[in-house]
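# Structural features, examined
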Amino acid sequence: MKKRKWYSLIDKVYSLPNLLESWYEVKENKGSWGIDKESLEQFEGNLNQNLKELSRLLKERRYAPSAVRCVLIPKPNSSDMRPLGIPTIRDRVVQQAIKRVIEPIFEAKFKEVSFGYRPKRRALQAIQKCKEHMAAGYRWVVDADISSFFDTVNHRLLMQALKEEIADSTLLDLIERFLKAGVMREARLLPSVGGVPQGGVISPLLANVYLHYFDEVMAGRGYRLVRYCDDFVIFAKFKRKAERALLVSKQILEDRLLLKLHPQKTRIVHGFFDGFEFLGCLFKSGYIRPRDKSIVSFKDKVRYITRRQQPKKFKMIIQHLNPVVRGWGNYFRYGNVRTLYQRLDEWIRMRLRSFLEKKKALVYQNKRIYNRQLKTQGLVYLRELLPITLPAKGQLYRKAVYQKMVRTV
């Protein structure tokens, strides 16, 4: 039976309602300006005319994507720099409009092993799936990393993957023009011979489209794969099966998809004794906790927010601190972190006391300011974010609402 493809999609892309919804999503995500230096506020100041102009150019097949502005940002806990491509606001709106149309098409075929940058799927679900595989006895782990994935995606293979579902040549040509728009770096226009720019609205979706073949083959052969964009782990019950999984992964990624596994970051380990890191977590000895780099990064953010040399009110410091504490705490809350959270709470309170008294922070000093005083200012504690665990069946516990002893059933 001949596979059905999707035709006539470009009219859905350039429809004004779709462009308007795309603008709202781009605005919500915020972001900086591109090479034309037009900000979100400037684009919104003439919104109706801008959207009509985008719609007209797309309809007439005359829309020309701009080169992305290249910004080098430091990698977490590393001296290396990573290139970030920032498209113009107009390009972001058009990319979002394309994504809104084609994402449901590819979501229908994506595998359950893929968790990165997909609707209703999160990193926490990937971590939970790793937990399940480990609990089921799959202790040998292929811990792999693709070298410079976003910079080495092959345009020809990516377009072939898109053509498996889409037959609208106008839309395909528009996507290809985005891929080949080039990069503006230090006032020089560099051609895009491969890769998808990190920072592009549609780039994560294109990355999943490109790696879908890998997901399909590995899942079809029965391997326990968990992938989050270009980062993945494979679970096996025996070492020889893990070695076979690594060999198959190399054949698919390097021979078929023309990618390269990082030689230093790709290894086979015993998940219980050796441990492995995935999505910021350390899995070892049956426990899950934030890896050391994640803890260092979190503490660096807290240090910066609570630095003493700033003329801000204490309430403002709390307002800036709480989202960082809440975001980091909620991400790792399902691990074995109760003791860690308690220590970090004590350290954060010490930093805040240091700010209030304008003197060097010492762990066992600054006790003149009580915990309840910090709490009344609205400080969020990490331990408050931990999930509530009910006692075992039949065990007595006190219910806070009625202050009575009840028994779980």
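See the structure shown above.
This section reports on the structure supplied with the text. (Residues numbered from 1 in each chain as written. Predicted model: local features only at pLDDT ≥ 70, side-chain atom pairs only at ≥ 80, totals over all residues. Heavy atoms only, no water.)

Helix and strand content of the protein: 15 helices and 13 strands. With the C-alpha coordinates aligned to their principal axes, the bounding extent of the protein is approximately 70 × 60 × 45 Å. Classification of the 409 residues of the protein by burial places 45% in the buried group. Partitioning the intrachain contacts of the protein with sequence separation of at least 6 by distance along the chain shows that 68% fall at a separation of at least 24. Taken together, the 80 basic and 40 acidic charged side chains of the protein have centroids lying 8 Å from each other. (Helix = DSSP H or I, 4+ residues; strand = E, 2+ residues; numbered from the N terminus. Buried < 20%, exposed > 50% of the residue type's maximum accessible area, 1.4 Å probe, protein only. Contact = heavy atoms within 4.5 Å. Lys, Arg positive; Asp, Glu negative; His and termini not counted. Charge placed at Lys NZ, Arg CZ, Asp CG, Glu CD.)

What follows concerns helix H8 (residues 155–163). Here H8 has its buried residues at His155, Leu157, Leu158, Met159, Ala161 and Leu162. If you follow the buried residues of H8, they end up packed against helix H5 (89–107), helix H9 (169–179), helix H10 (203–220) and helix H11 (239–256). For H8, the N-terminal cap is Asn154; the gap from its side-chain oxygen to the backbone nitrogen of Arg156 is 3.0 Å. (Polar contact = N/O pair within 3.5 Å; in protein donor to acceptor, adjacent residues only side chain to side chain.)

For the coordinates displayed, the defined rule picks out 19 salt bridges. As a salt-bridge pair, Lys109 and Glu165 come within 3.2 Å of each other at their nearest N and O atoms. Here the residue Lys109 occupies a position in the loop between H5 and helix H6 (123–135), and Glu165 occupies one in the loop between H8 and H9, the gap between them amounting to 56 residues. Here Lys109 and Glu165 have matching classes, each one buried. When salt bridges that share partners are traced, they join Glu53, Arg56, Glu60 and Arg62 into one network. (Salt bridge = Lys/Arg side-chain N within 4 Å of Asp/Glu carboxyl O.)

Attention now moves to the sheet that holds strand S2 (residues 81–86). Taken in spatial order, the four strands line up as S2-S1-S4-S5 in an open sheet, and their pairing is mixed. At either margin of the open sheet sits one strand with a lone partner, and together these are S2 and strand S5 (188–190). Between one strand axis and the next, the sheet turns through 40 degrees on average, direction left out of account. (Pairing = 2+ DSSP bridges. Axes fitted to C-alpha atoms, helices over the stretch in contact; angles between N-to-C directions.)

Moving on: unusual backbone geometry. Residue Ser148 is not a glycine yet carries a positive backbone phi of 45 degrees. Relative to the helices and strands, Ser148 resides in the loop between strand S3 (140–145) and helix H7 (149–152). Positive phi is not limited to glycine here, since Cys229 has a value of about 60 degrees. Take Cys229: it is sitting in the loop between strand S6 (224–228) and strand S7 (231–236).

Our focus in this paragraph is the sheet that holds S3. In spatial order, the strands read S6-S7-S3-S8; together these four strands make up an open sheet with antiparallel pairing. Unpaired on one side and paired on the other, S6 and strand S8 (267–270) mark the two borders of the sheet. Adjacent strand axes in the sheet meet at a mean angle of 20 degrees when their direction is disregarded. In the sheet, S3 pairs with S7 via six bridges, with the strands oriented antiparallel.

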